[in-house]
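For reference, the chains in residue letters:
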Amino acid sequence: MTGVISPGKSQKMSTKVLRQKAQDFLNSRKHANNLVDIIGQWNESGTSCILTVETIFLEILKRGDMYQEKTITLTISEPSPEVRFVNWLRNCYEEIWEKLLTSIEGCRPTIQIQALSTGIKLMAEEGKYPIEFVNRDLNYYFPLHRLKPLLMSLLSPEKDNGNLISRFEEISNYPDALYYIYKCLPSLTPKRQPREIYIRNLLELIHKLPLQKDIEEGESSTNDRQLLCGPQNGVNFTWDYISARRALNKVWACVMHWELTSGLHKQLLIVLLERVMGHLEKPVLLTDFLMDSLDADGPIGLLALQGVFVLVTKHNLEYPNIFTKLYSMFEPEIFHTKYKARLFYLSDLFLSSTHLPEALVAAFAKRLSRLTLVAPPEDIIIILLFIGNLLLRHPGLKRLIDHPQNGEIITEESAGAGDPFLMEERDPLQSNALFSSLWEIKALQCHILPNISTAARFIREPLPSVEYDMASALERTAGHIFDREIKNKIKDIMLTFERPNSLALPKGERLLQFWQLTTMH
């Protein structure tokens with residue numbers, strides 16, 4: 001029995017041989033050297049070796065073969081064979097963990113994922129069957145000394161680990177693992193500026209691990225909500241949201257002081273809005289950051305708008321120029337961004353109050369109407385519904401449908417020279433929208449697409465008494481419609497009518513009308 005392994009000198013073993021050696025090792029200690037041979041196959045056998053090692057040590061942990069209570073010895077004596085065997089097993093186990101972490105950091109993706117999966121399983125089993133003495137009265141133990149190195153490997157400053165973090169997301173189903181992950185994160189978050197790859201990995205990890213506000217006490221038992229490291233006979237684990245929230249706030253306090261590239265800025269805003277903002281102790285402190293982000297073009301400004309909306313509606317933030325900023329975001333470029341649906345939805349909420357000045361709302365209605373001339377078909381429908389909601393909330397704006405100017409009605413033919421609306425004006429109250437008309441919507445009544453021309457006729461009919469549901473309308477985008485049509489039509493697509501039996505064309509083949517097979521002599 002030896003613990004020294006010489007790398008690079010062993011020949012590759014088949015999976016069958018590895019399994020047989022593992023079985024012999026588990027059945028009898030006389031085959032102890034089999035473990036050395038198996039570990040020596042780490043670089044040669046790849047995932048087969050990792051799976052074999054996983055099987056061995058899961059069984060060893062369950063049997064308690066590595067458990068050793070600490071005792072105080074007053075005399076120096078030679079350890080017994082049993083103690084030496086246990087120490088040897090523990091050394092092999094530590095060596096396995098070093099190899100797992102090394103594989104996670106720098107191997108092929110398949111080996112990385114398998115090493116991560118094996119590490120999580122071993123950590124879970126060690127939590128159920130500790131190899132060190134723990135207080136049995138607590139009836140719960142979590143091996144933090146295993147979790148922290150795993151997190152360090154995932155938060156690599158050298159390599160983008162998005163695929164590994166996506167696989168690691170499965171651990172969020174266990175409240176104990178989620179709790180201890182957040183407890184570890186502050187010690188892994190540097191206060192000084194880290195590398196860009198590290199920031200990307202950290203933000204991706206937080207995004208994949210949602211922090212839950214409430215986990216009922218009944219769910220903390222293994223019967224209702226399974227724990228990663230909990231035994232089957234009851235667990236003394238309590239979900240401490242306040243402590244986990246405090247850890248997240250410490251992490252985010254460091255993140256907010258880092259310098260960010262445009263891509264990281266956008267990723268940070270997404271994580272902030274979807275995972276973090278609801279758990280911050282003082283979200284109002286984000287005001288300056290969000291205000292600065294609003295000045296950025298493209299998706300960064302749109303995402304910041306959602307954060308400002310949360311501060312305005314839930315934390316009583318006063319931002320008098322928010323409507324001017326919102327108004328400036330409606331440019332033709334918005335139709336080419338990924339987050340345009342977010343802008344329409346938030347704008348509908350911002351303009352939902354019936355106490356807003358008519359001149360302000362009229363400016364939005366007119367600007368949206370003008371954008372329909374350059375918008376994609378699916379966005380035109382959304383804009384028409386949005387304008388319809390504005391007219392319902394402010395009945396006085398109905399005069400925009402046919403607004404007289406010099407005793408005449410503005411039409412699409414005369415609008416080019418006679419429309420007083422100032423499209424380039426940044427202040428909505430100075431855009432002269434109240435003196436214009438929605439002639440663009442009238443022009444859409446002649447659109448080549450029937451669904452658009454039909455939707456544009458709402459200004460000629462009595463307006464509905466109930467507002468349109470923008471959320472459900474935004475879900476019905478062109479992509480959803482296309483996918484639904486494909487699913488409906490897929491059964492009509494046939495590749496062949498008859499099963500081909502040879503290289504000759506089947507009987508009745510339509511291609512025979514256009515091609516003739518000839519034989520070259």
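Every residue gets a number counted from 1 within its own chain, in the order that chain's sequence is written. For a predicted model such as this one, the threshold for reporting local features is a pLDDT of at least 70, and the threshold for listing and counting side-chain atom pairs is 80 or more; totals across whole chains, interfaces and linings nevertheless cover every residue. Hydrogen atoms and water are omitted, and side-chain values are computed over all heavy atoms in the structure.

What to know about unusual backbone geometry
What counts is decided by this rule: For helices the rule is a DSSP run of H or I covering at least 4 residues; for strands it is a run of E covering at least 2, with both sets numbered from the N terminus onward. For each residue, the accessible area found with a 1.4 Å probe, counting protein chains only, is set against the maximum for its type, and the residue is called buried under 20%, exposed over 50%, and partly exposed in between.
A positive phi angle, near 55°, is found at N316, a position not held by glycine. Within the secondary structure, N316 is located in the loop between α14 (299–314) and α15 (322–328). The phi angle at N432 is positive, at roughly 60°, despite the residue not being glycine. Judged by relative accessible area, N432 falls into the partly exposed class, the value being 30%.

A few points about the nonpolar core
To keep it simple, the criterion reads: Put simply, buried Ala, Val, Leu, Ile, Met, Phe, Trp, Tyr and Cys residues joined by side-chain atoms within 4.5 Å make one nonpolar core. Contacts between residues were defined by any pair of non-hydrogen atoms, one from each residue, lying within 4.5 Å.
Counting 150 residues, the largest nonpolar core has F57, F168, I206, W252, L272 and L290 as the members making the most contacts within it. Of all the elements, helix α5 (residues 81–106) adds the most residues to this core, at ten residues. When neighbours within four sequence positions are excluded, F168 is seen to be in contact with L116, I120, L151, L154, I181, L205 and L209.

Description of the layout of surface pockets
The test is simple: Cavities and pockets are found on a 1 Å grid laid over the protein atoms alone: a cavity is a set of points where a 1.4 Å probe fits but cannot escape, a pocket is an open set with protein on both sides within 12 Å along at least five of seven lines, and a lining residue has an atom within 4 Å of such a point. Grid points are joined across faces, edges and corners, and a volume is the space filled by probe spheres set on the points. When residues are sorted by character, Ala, Val, Leu, Ile, Met, Phe, Trp, Tyr, Cys and Pro go into the nonpolar class, Asp, Glu, Lys and Arg into the charged class, and all the rest, Gly among them, into the polar class.
Of the volumes computed, that of the largest pocket is approximately 300 Å³. Lining the largest pocket are 15 residues, and of these S117, I120, K121, Y174 and L228 lie nearest its centre. Within the residue set of the lining of the largest pocket, elements represented by two or more residues are α6 (109–128) and α8 (162–168). Looking at the lining of the largest pocket, the element that brings in the most residues is α6, giving seven residues. A per-class count over the lining of the largest pocket returns eight nonpolar, two polar and five charged.

A short note on the environment of L463
Take L463: it is sitting in the loop between α21 (450–455) and α22 (470–475). In sequence terms L463 and G388 are 75 residues apart; their C-alpha atoms lie 7.7 Å from each other. Setting aside residues no more than four positions away along its own chain, L463 makes contact with L391, L392, K398 and F458.

Some details on the packing of aromatic side chains
Counted only if it meets this: Between rings of Phe, Tyr and Trp, where Trp is taken as its six-membered ring, a pair exists when centres lie within 6.5 Å; planes separated by under 30 degrees are stacked, by over 60 edge-to-face, and by other angles tilted. Whether a charge lies above a ring is judged from NZ of Lys or CZ of Arg, which has to be within 6 Å of the ring centre and within 35 degrees of the ring normal.
Evaluation of the coordinates by the stated rule reveals 15 aromatic pairs. On the numbers, 6.1 Å between centres and 70° between planes, the contact of Y179 with W239 is edge-to-face. Taken together, the positions of Y179 in helix α9 (residues 175–188) and W239 in the loop between α10 (196–208) and α11 (241–255) put the pair 60 residues apart, joining distant regions of the chain. Using a relative accessible area of 11% as the deciding quantity, one classes Y179 as buried. Between the aromatic rings of Y327 and F364, the centroid separation amounts to 5.3 Å while the plane-to-plane angle is 85°, which identifies the pairing as edge-to-face. Separated by 37 residues along the polypeptide, Y327 in helix α15 and F364 in helix α17 (residues 358–371) bring together distant segments of the chain. Just as Y327 is buried, F364 falls in that class too. Pairwise contacts between aromatic rings join Y140, F142, Y179, Y180, F237 and W239 into one cluster. Just above the ring of Y327 sits the side chain of R367; from NZ or CZ to the centre is 4.7 Å.

A word on the pattern of salt bridges
The line we're drawing: Each reported salt bridge corresponds to a side-chain nitrogen of Lys or Arg within 4 Å of a carboxyl oxygen of Asp or Glu.
Inspection of every chain in the model, using the stated rule, returns 22 salt bridges. A salt bridge links K21 to D37; its shortest N-O distance comes to 3.5 Å. Of this pair, K21 sits in helix α1 (residues 15–27) while D37 sits in helix α2 (residues 33–39), and the two are 16 residues apart along the sequence. Note on D37: relative accessible area 32%, which makes it partly exposed. E158 is paired through a salt bridge with R195; the nearest N and O atoms lie 2.7 Å apart. On the criterion of sequence distance, the pair formed by E158 in the loop between α7 (144–154) and α8 and R195 in the loop between α9 and α10 is long-range, its members being 37 residues apart. Shared partners join several salt bridges into a network, and the residues in it are K366, R370, D419 and E440.

Observations concerning the confidence of the model for the protein
This is how it is decided: A score from 0 to 100, pLDDT tells how confident the predictor is in each residue.
Looking at the protein as a whole, its pLDDT mean stands at 81, while 78% of the residues score no less than 70. Overall, residues 2–9 carries pLDDT values under 50, and its contacts beyond four positions in sequence, including any with other chains, amount to eleven contacts. Contacts of residues 216–223 to residues separated by more than four positions or lying in other chains number twelve contacts, the stretch itself having pLDDT below 50.

Overview of the environment of E425
When you line up the elements, E425 lands in the loop between α19 (415–418) and α20 (439–444). On the basis of relative accessible area, E425 is assigned to the partly exposed category, the value being 26%. Sequence separation between E425 and S328 is 97 residues; the distance between their C-alpha atoms is 9.1 Å. When neighbours within four sequence positions are excluded, E425 is seen to be in contact with Y327, R367, Q430 and S431.

Some remarks on the side chain of S369
Looking at the element boundaries, S369 is found in helix α17. In this structure S369 touches I387, L438, E440 and I441, once residues within four positions along its chain are discounted.

Points about the packing of helix α4 (residues 47–63) against α5
Our working rule: Between N-to-C directions, angles span 0 to 180 degrees; the directions come from axes that are lines fitted to C-alpha atoms, helices contributing only their stretch in contact. What sets the label is the angle itself: under 35 degrees gives roughly parallel, over 145 gives roughly antiparallel, 65 to 115 gives roughly perpendicular, and the rest give oblique. Should the near helix be turned counterclockwise from the far one by less than a right angle, the crossing is left-handed, whereas a clockwise turn marks it as right-handed.
The geometry of α4 relative to α5 is characterised by a closest axis approach of 12 Å and an angle of 140° between their N-to-C directions. Considering the angle they form, α4 stands oblique to α5. Helix-helix and strand crossings are classified by hand; for α4 and α5 the assignment is left-handed. Contact residues: I50, V53, F57, I60 and L61 in α4; L89, C92, Y93, I96 and L100 in α5. The residue inventory of the contact of α4 with α5, partitioned by class, reads ten nonpolar, no polar and no charged.

Structural notes on α1
How we decide: By this rule, a helix spans an expected 1.5 Å times one less than how many residues it contains. An arc is given here, and it is the one of the directions from the helix axis to the C-beta atoms.
Helix length check: α1 (13 residues) gives 18 Å between terminal C-alpha atoms against 18 Å at 1.5 Å per residue, within 8%. All buried positions along α1 are accounted for by L18, K21, A22, F25 and L26. Angular distribution of buried residues about the axis of α1 spans 130°; they occupy a single face of the element. What points out from α1, more than 90 degrees from its buried face, is the exposed set K16, R19 and N27. Summarising the contacts, the buried residues of α1 are in contact with α2, α3 (42–45), α4 and α5.

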